Amino acid sequence: MGKISKAGVVLRGVAQNKELKFVVGLSTPITQTILEAHKPSAQGLLAMSRAATAVGLLSATLKGRQQVGIQVNGDGPLGELYALSNAQGELRVTANQPAAAAEPETEVSPVVGQGRFTLIKTSDAGEPYRGTVPIFTGGIAEDLAYYFMFSEQIPTACGLGESITDDGLITGGYLVQSLPNPSDETLRTLEQRVVTIPPLKSILNAEHPLDDLLELLFMDDYEVLEESTISFKCPCERPKFARTLLTLGKAELTQIREEDGEMNISCHFCGENYHFNYEEIGALIVGARD
Ligand SMILES: [Zn+2]
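Values in this document were obtained by computation on a predicted structure and should not be read as measured data.

**Points about the pattern of salt bridges**
Step number 1: Enumeration over the complete set of coordinates arrives at eight salt bridges.
Step number 2: Here E223 and K18 are joined by a salt bridge, their closest N and O atoms 4.0 Å apart. Taken together, the residues span a long stretch of sequence, with E223 in strand β10 (residues 222–232) and K18 in the loop between β1 (8–15) and β2 (20–26) at a distance of 205 residues.

**Section: the coordination of the zinc ion**
Step number 1: At the metal site, the zinc ion is ligated by C234 (SG), C236 (SG), C267 (SG) and C270 (SG), and these contacts range over 2.2 to 2.3 Å.
Step number 2: Angles of 105 to 114° at the metal separate the four donor atoms of the zinc ion, which places the site in the tetrahedral class.
Step number 3: Motif for the zinc ion, donor spacing along one chain: C-x1-C-x30-C-x2-C.
Step number 4: On the accessibility criterion, C267 (8% relative accessible area) is buried.
Step number 5: Taking relative accessible area as the criterion, C270 reaches 0% and is therefore assigned buried.

**Describing the side chain of S41**
Step number 1: Mapped onto the elements, S41 comes out in the loop between α1 (28–38) and α2 (42–59).
Step number 2: On the basis of relative accessibility, which here comes to 14%, the residue S41 falls in the buried class.
Step number 3: Non-local contacts of S41, meaning those with residues more than four positions away in its chain, are made with P98, A99, A100 and A101.

**Examining the nonpolar core**
Nonpolar side chains in soluble globular proteins generally cluster together in the buried interior.
Step number 1: Counting residues in hydrophobic clusters, the biggest one holds 65 residues, and the most contacted among them are I70, L81, V93, L144 and F276.
Step number 2: Residue contributions to this core peak at ten residues, all from α2.
Step number 3: Built from parts of two domains, this core gets at least three residues from each of domain 1 (8–232) and domain 2 (238–287).

Conventions used here
- Residues numbered from 1 in each chain as written.
- Predicted model: local features only at pLDDT ≥ 70, side-chain atom pairs only at ≥ 80, totals over all residues.
- Heavy atoms only, no water.
- Salt bridge = Lys/Arg side-chain N within 4 Å of Asp/Glu carboxyl O.
- Helix = DSSP H or I, 4+ residues; strand = E, 2+ residues; numbered from the N terminus.
- Donors = N, O, S within 2.8 Å, 3.2 Å for Na, K, Ca; no water.
- Tetrahedral: all angles 85-135°; square planar, octahedral: opposite > 155°, others 65-115°.
- Buried < 20%, exposed > 50% of the residue type's maximum accessible area, 1.4 Å probe, protein only.
- Contact = heavy atoms within 4.5 Å.
- Core = buried A, V, L, I, M, F, W, Y, C linked by side-chain atoms within 4.5 Å.
- Domains from an automatic or database assignment.

Fair warning: the whole summary comes from geometry, so function is off the table for now.
Here is the structure:
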């Protein structure tokens with residue numbers, strides 16, 4: 001079975017005369033699992049953590065069997081970055097080169113680079129919906145806000161960040177969006193608030209970071225409607241990898257068995273290793289096509 005993290009928390013609600021909707025969340029245990037599963041560079045960890053936090057925040061807006069994914073295809077050394085979550089907040093994330101680094105190493109955007117940012121929404125019915133915009137900054141939060149503004153015409157403010165403490169990295173973020181027909185005053189207030197809000201790194205290490213964050217964003221004009229959990233949970237399992245191996249065909253499987261005597265496959269999302277010994281490859285050869 002794939003890796004599972006402890007749970008982070010997300011709060012969903014409405015604010016500012018109920019003209020705005022928000023999700024705020026803490027994703028620290030997810031970031032810890034990304035660190036263990038992917039052995040990333042500092043920049044790789046933050047890029048993956050922010051993408052995971054983003055789909056975690058978005059998961060609070062999903063229902064039933066809906067899923068949401070973020071795919072970032074930049075020309076930086078990280079390669080493709082991909083995170084997805086279901087409506088239960090069970091999410092996973094992968095990148096082509098998690099250990100990549102690029103100057104200046106104090107920012108996330110250099111490992112991401114320039115390219116395309118895609119949001120993918122899946123439900124039971126029909127093809128997944130995909131919306132693509134150019135990467136705006138490569139810092140992920142600004143890219144997600146830019147996506148909603150220009151692809152879906154929804155005024156959006158997003159922050160994704162991290163704070164380094166003695167106990168390790170604390171990560172989290174916020175997503176604030178306008179409900180239909182907001183007043184000009186509400187939009188102006190939000191814009192000003194997002195500009196004046198202290199950096200997330202100084203909020204996340206507080207004792208009650210989400211309360212502080214909501215207070216800073218909305219003063220006392222907000223209402224939490226729902227609290228839910230988010231966690232890194234990879235659905236990979238041995239039978240799925242066995243089915244993939246079957247598609248190699250009898251000849252290639254036989255060659256692998258004779259040359260290596262065994263096979264090791266790692267899950268791209270969680271790093272879990274699946275080992276197939278000589279006898280098990282033999283069983284696959286029997287089941288494979290010619
Ligand atoms: Zn996995």
